[in-house]
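# Observations on the three-dimensional arrangement
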Protein chains: 2
Amino acid sequence: MTRIEDLETPAIVVDLDIVERNLRSLAAYAREHGLNLRPHTKTHKVPAIAKMQIESGCSGVTVAKTGEAEVMAQAGLDDILVHYPVYGVEKAARLAALARSRRVTVAVDSMVTARQLSAAAVAAGATIRLLVEADVGMRRCGVAPKDTGALAKAVSVLPGIHFQGLTFYPGHIWAPPSEQAPALRQVSEQVDIAIASIEAEGLKCETVSGGSTPTAYNSHLVDRLTEMRPGTYVFNDRNTIGVGACTVDDCALRVMVTVVSTAVPGRVVVDGGTKTFAADRWLSGEKTGFGLVPAYPDMRVEGLSEEHGHLDVSESAKRLTIGDKLTIVPNHVCACVNMHQQIWFHRGGVVEGSWNVAGRGLVR
Amino acid sequence: MTRIEDLETPAIVVDLDIVERNLRSLAAYAREHGLNLRPHTKTHKVPAIAKMQIESGCSGVTVAKTGEAEVMAQAGLDDILVHYPVYGVEKAARLAALARSRRVTVAVDSMVTARQLSAAAVAAGATIRLLVEADVGMRRCGVAPKDTGALAKAVSVLPGIHFQGLTFYPGHIWAPPSEQAPALRQVSEQVDIAIASIEAEGLKCETVSGGSTPTAYNSHLVDRLTEMRPGTYVFNDRNTIGVGACTVDDCALRVMVTVVSTAVPGRVVVDGGTKTFAADRWLSGEKTGFGLVPAYPDMRVEGLSEEHGHLDVSESAKRLTIGDKLTIVPNHVCACVNMHQQIWFHRGGVVEGSWNVAGRGLVR
């Protein structure tokens, strides 16, 4: 029997009981509100976890990269949304190849990418489904809601393409769930404008896809939504805690590190830095700190070098010595997982196995 | 013939002419000042580049992780410094195994790690060389300079151990090279104190190792230095430019990205975010921006999502369209390389091949 404390560090460890609870809980919410759940697998990039999500009631998966779509498809996932404005003849051909025997949907916000995907689909004898992306306030991708109809119309007549509907990402909403209603009502209005624009062209949105982890349990406030796409909810992280969308007990993934140096007074160095945690800043409060130490909340992860984590322990009564192990909740779990090829999973601290992060590093 | 513009993106591309010039230039400086050059290979994690560094006149290599030491050793590098306070019975055994047929040196700042390495060396019938680390101002690892003698003495009598000398990392010096002299004189004084403390125990420092890329060409200001350990100098990056230690023409590595969305006015989205560039902030100026666009310096890489780079192009006369390719100098090249399994190399834009980033993701 191996306990997580026995693992060589740094290591990322996932509590399966918490994962299952997180999956069950959101699946129940989605069912209650008649919403499809299509989680973004960028958070874990592990096909086995994607399958757990499907088993929990999800209707399909979301990915960001063509390579991630391939990894999920090879593992048997057969309903994949690539929520990215994929550009590139080679990438389009790879997606079209997948679409020959699976349901492949892509988000687009221009005719350039739509035409590339159309040509690839025709060449492969496949159909690719397209969602037209609207910008509902984040100002990243997506056309203005009033312009979605024109794009949808142009997309819908492309050969090899099935116009599937509308998509958006409300990533600009970063408030506690109890305070999100006004912003989500604005999003709902923008979505209504987009749908009206599309319907004015005689088209129907079979799918209206949106959502994030912070807004997950408020998804029903977007009236016309049919599908939600949270990613982080499977593990949660310090940012999710910070925005008030979970508690530390909902954080399934921890970084296990070992104290390697106590030579500098008031400081403790652990064996994980930005190449273990990722350099992502905390998005809440004073935006300081790089992780949370649940066992000793008075220790501050005040800085990260590439391979060193700097803990300020001056406020803590606990005296750490070299060799002590700590588990730390990272700021941004999606970025943290991306640093590791292996995730250990456990129940109650007893290691049950590990997953290969198969989709990791597939940048293209 | 493939040009870098023909590559699927995102891709990291390295200009071999610039790499060779960077290696030659610092090797000449080191020779001129009678210093050994032992570059930190965490920047690239590629054995072939480490070999180029050896051919340019370096005496050995530095790594941060046990796994990186193994990768370099397997590739034939036979003089490896693990500049990290390695803790862990398994890691110590792996390093001892390497030390049976190679010169392996480890930095220590405690007897806990030194004793572990000693036990492993004895068990393997090997000798591990230890450098005692002093803190000369960064407050990360290292004992106080006056205390190095006691640690060196205790280390020197451990079986399987050869006391090799002193090490330090002046990572706290972040000023233009022309303004570093006062800080480096302070470092030199601390180093003198440490050496005196060690010599008072009847021990000799065969090696006095230190240095960083920003201070590289001022290494001779630390009087007793015998060995310098810069990493970033092989590629350089926006931080190196920012601190005044190189120009954009010295930046060998660029991230090649493609414009994938122009739907939001004033914004352009490229197909690389934190999982392509790393989330490391710029360390200079207002600490804003995530990269430099050499061809269009008036474009600002103002934000990164995981897979989206947000360019503010409102100040630029250049009108980008979807499919346009850009090369961007990342803030922190060591962190950027760590996101990629493959580095393309070229001369004058003509691709000559690619390297596998063999040491990537070896977190333990």
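Residues numbered from 1 in each chain as written. Chains lettered and ligands numbered in written order. Predicted model: local features only at pLDDT ≥ 70, side-chain atom pairs only at ≥ 80, totals over all residues.

## Describing the nonpolar core
The condition is simple: One nonpolar core equals one set of buried Ala, Val, Leu, Ile, Met, Phe, Trp, Tyr and Cys residues connected by C-beta atoms within 7 Å. Buried residues are those with 20 or more other C-beta atoms within 10 Å of their own C-beta, exposed residues have 12 or fewer, and partly exposed residues lie in between; C-beta atoms are placed from the backbone. The contact criterion used is a C-beta to C-beta distance within 7 Å, with each C-beta placed from the backbone.
By size, the foremost hydrophobic cluster in this structure holds 236 residues, and its most contacted members are L95, L130 and L166 of chain A together with L95, L130 and L166 of chain B. Each residue touching L130 of chain B, except ones within four places of it in the same chain, is listed here: V106, V108, A114, L117, V155, I161, F163 and Q164 of chain B.

## Some details on the environment of C246 of chain B
All names here are of chain B. Selection rule: Segments assigned H or I by DSSP are reported as helices when at least four residues long, segments assigned E as strands when at least two residues long, and all are numbered from the N terminus.
Within the fold, C246 resides in the loop between α8 (238-242) and β10 (253-261). Taking C-alpha positions, C246 is 19 Å from Q53, a pair spaced 193 residues apart along the chain. Those residues in contact with C246, other than ones at most four positions away along the chain, are N236, T240, I241 and C251.

## Re the interface of chain A and chain B
Note the threshold: Residues are sorted three ways: Asp, Glu, Lys and Arg are charged, Ala, Val, Leu, Ile, Met, Phe, Trp, Tyr, Cys and Pro are nonpolar, and all the rest, Gly among them, are polar.
Taken together, the contact between chain A and chain B spans 51 residues of the former and 51 residues of the latter. For the side of chain A that touches chain B, the class distribution of residues is 19 nonpolar, 16 polar and 16 charged.

## A few points about the relation of the copies chain A and chain B
This is how it is decided: Least squares is the method used to superpose the copies, on C-alpha atoms of residues holding a pLDDT of at least 70 in both.
When chain A is brought onto chain B, the operation consists of a screw motion whose angular component is 180° and whose axial shift is 0.0 Å, with 0.0 Å RMSD remaining. Put plainly, the chains are arranged around a two-fold axis. When each C-alpha of chain A is compared by its distance to the rotation axis, A279 of chain A comes out closest, at 2.7 Å. Comparing contact sets, 100% of the residues at the interface of chain A also lie at the interface in chain B, consistent with an isologous, same-surface contact.

## Notes on helix α4 (residues 89-99) of chain A
Three or more residues of α4 of chain A are buried, namely K91, A92, R94, L95, A96, L98 and A99 of chain A. Considering only its buried residues, α4 of chain A is in contact with α3 (66-74), β4 (79-82), β5 (103-108), α5 (111-124) and β6 (128-133) of chain A.

## A few points about the sheet that holds strand β3 (residues 61-63) of chain A
Residue and element names in this part refer to chain A. To be explicit about the condition: Two strands pair under a simple rule: DSSP has to find at least two bridges between them. Think of each axis as a best-fit line through the C-alpha atoms, taken over the contacting stretch in the case of a helix, with angles from 0 to 180 degrees between the N-to-C directions.
Here 8 strands make up an open sheet; going across it, the order is β2-β9-β8-β7-β6-β5-β4-β3 and the pairing parallel. The sheet is open, and its two borders are formed by β2 (36-37) and β3, each paired with just one other strand. On the sheet, α4 packs against β4, β5 and β6 and is oriented at approximately 145° with respect to β5. Sheet contacts for helix α7 (residues 181-199): β7 (161-167) and β8 (207-210); angle to β7, the most-contacted strand, approximately 155°.

## Considerations on the pairing of strand β1 (residues 11-15) of chain B
Every other side chain in a regular strand lies on the same face of the sheet, so the side chains alternate between the two faces. Residue and element names in this part refer to chain B. In terms of residue burial, β1 counts as a mostly covered element, since 5 of its 5 residues are buried. Both β1 and strand β16 (residues 342-347) contribute to a ladder of 4 bridges, which runs parallel. By the bridge assignment for β16, D15 is matched with H346.

## Description of helix α3 (residues 66-74) of chain B
For the α-helix, the turn length of 3.6 residues means that residues three or four positions removed from each other point alike. Listed as buried for α3 of chain B are T66, E68, A69, V71, M72 and A73 of chain B. Elements in contact with the buried residues of α3 of chain B: α2 (47-55), β3 (61-63), β4 (79-82) and α4 (89-99) of chain B.

## Some details on the packing of helix α6 (residues 148-156) of chain A against α7 of chain A
Residues and elements named next belong to chain A. Here is the rule we go by: Working definition: roughly parallel below 35 degrees, roughly antiparallel above 145 degrees, roughly perpendicular at 65 to 115 degrees, and oblique for all remaining angles. Handedness of a crossing follows from how the near helix is turned relative to the far one, being left-handed for an anticlockwise turn of less than a right angle and right-handed for a clockwise one.
Here α6 crosses α7 at 45°, and the two axes come no closer than 7 Å. Viewed along their axes, α6 and α7 adopt a mutual orientation that is oblique. Regarding α6 and α7, the two cross each other, and that crossing is right-handed. Here T148, G149 and A152 of α6 lie close against α7, whose contacting residues are A194, S197 and I198. Tallied by class, residues from the contact of α6 with α7 come to 3 nonpolar, 3 polar and no charged.

## A look at the domain arrangement of chain A
Going by this rule: Each domain's extent was defined by an automatic or database domain assignment.
In terms of domains, chain A is made up of domain 1 (4-10 + 240-356) and domain 2 (17-235). On the side of domain 2 of chain A, 19 residues touch domain 1 of chain A, which itself brings 15 residues to the contact.

## Here's the deal with the sheet that holds β3 of chain B
Residue and element names in this part refer to chain B. The 8 strands lie next to each other as β2-β9-β8-β7-β6-β5-β4-β3, forming an open sheet whose pairing is parallel. Taken across any chain shown, the strands that pair with only one partner, and hence form the sheet edges, are β2 (36-37) and β3. Where strand β8 (residues 207-210) and strand β9 (residues 227-228) come together, 2 bridges link them in parallel fashion. Bridging across to β9, S209 finds its partner in E227. Set on the sheet, α3 makes contact with β3 and β4; between it and β4 the angle comes to about 170°.

## So, unusual backbone geometry
In this model, T9 of chain A is joined to P10 of chain A through a cis peptide bond whose omega is -5°. Tracing the backbone shows P10 of chain A in the segment before β1 (11-15). Positioned with a positive phi, N236 of chain A is a non-glycine residue whose angle comes to about 65°. With a phi close to 80°, A278 of chain B is a non-glycine residue in the positive phi region. What makes A278 of chain B buried here is the crowd of 28 C-beta atoms within 10 Å.

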